[in-house]
Amino acid sequence: MNNKSILLYNSNNLLEYLDLLKKNKIYFNYIFIYGGKKTINYPYCRKILFFKQHKLDTFIRKKIINLREKNIFSFVKEGEILKKEFFKNLNLYHAHPGFLPNFKGSTTFYFQKIEKNFISISIFKIKEKIDTGKIIYVEHYKNYKNALDSIAKLRMLTLINFFKEKKKLKYP
């Protein structure tokens, strides 16, 4: 059994992302979904937990910390900033749309596309300071065309590729 869980925001694309994960048979201990409840069928996890609250800090405090999960990959809304207290108790990872450490912030993939003519997705361990922490995986996309509707999908595909390549390794 893998030692990872995923934290997802209940967006319009949630079912599409779960379908991508399901097609690749990515196993999670838990799938945490905040921002409402949907009917979800995902056979590759121990349990799916929902939280109606839209505030991420409250969700983590009430649902996640008590479960003592070790490695949580977050796929949340842009601009979500976590409180300091969570970094002591959790190993949180994030798929950032930009090549870290050069392109930090929530919309840096635009600047990277203009400056470098490609975009990158960097998976890193979240630290207290925004978009810092140990980078554990990066993928570059040179044939990227559509700015908004596929950046989140590229983040999910990068996570899937990371899970497939690193499934037998321990995360840092």
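Definitions and limits used
Residues numbered from 1 in each chain as written. Predicted model: local features only at pLDDT ≥ 70, side-chain atom pairs only at ≥ 80, totals over all residues. Heavy atoms only, no water. Pairing = 2+ DSSP bridges. Helix = DSSP H or I, 4+ residues; strand = E, 2+ residues; numbered from the N terminus. Axes fitted to C-alpha atoms, helices over the stretch in contact; angles between N-to-C directions. Contact = heavy atoms within 4.5 Å. Buried < 20%, exposed > 50% of the residue type's maximum accessible area, 1.4 Å probe, protein only.

Caption draft 1: Fine view of the sheet that holds strand E1 (residues 5-9). With respect to topology, seven strands assemble into an open sheet ordered E3-E2-E1-E4-E5-E6-E7, the strand pairing being mixed. Sheet topology places strand E3 (45-51) and strand E7 (135-141) at the edges, where each strand pairs with a single neighbour. Strand-to-strand twist in this sheet, taken as the mean axis angle between neighbours without regard to direction, amounts to 15°. Across six bridges, strand E2 (residues 28-34) lies against E3 in parallel orientation. Each residue of the ladder has a partner; that of Phe32, found in E3, is Leu49. Where helix H4 (residues 108-116) meets the sheet, it contacts strand E5 (91-97) and strand E6 (119-125), and its direction lies at approximately 135° from that of E6.

Caption draft 2: Structural detail: the environment of Asp131. Residue position: Asp131 is located in the loop between E6 and E7. Expressed as a C-alpha distance, the spacing of Asp131 and Gly105, which sit 26 residues apart in the sequence, is 7.0 Å. In contact with Asp131, not counting residues within four places along its chain, are His96, Leu100, Lys104, Gly105 and Phe124.

Caption draft 3: Fine view of the environment of Leu20. By the secondary structure assignment, Leu20 is in helix H1 (residues 14-23). Residue Leu20 is classed as buried on the basis of its relative accessible area of 15%. Taking the C-alpha atoms as reference, Leu20 lies 7.8 Å from Leu157; in sequence the two are 137 residues apart. Ignoring anything within four residues of it in the chain, the contact list for Leu20 reads Lys153, Met156, Leu157 and Ile160.

Read these as layout, nothing more, since geometry by itself doesn't imply function.
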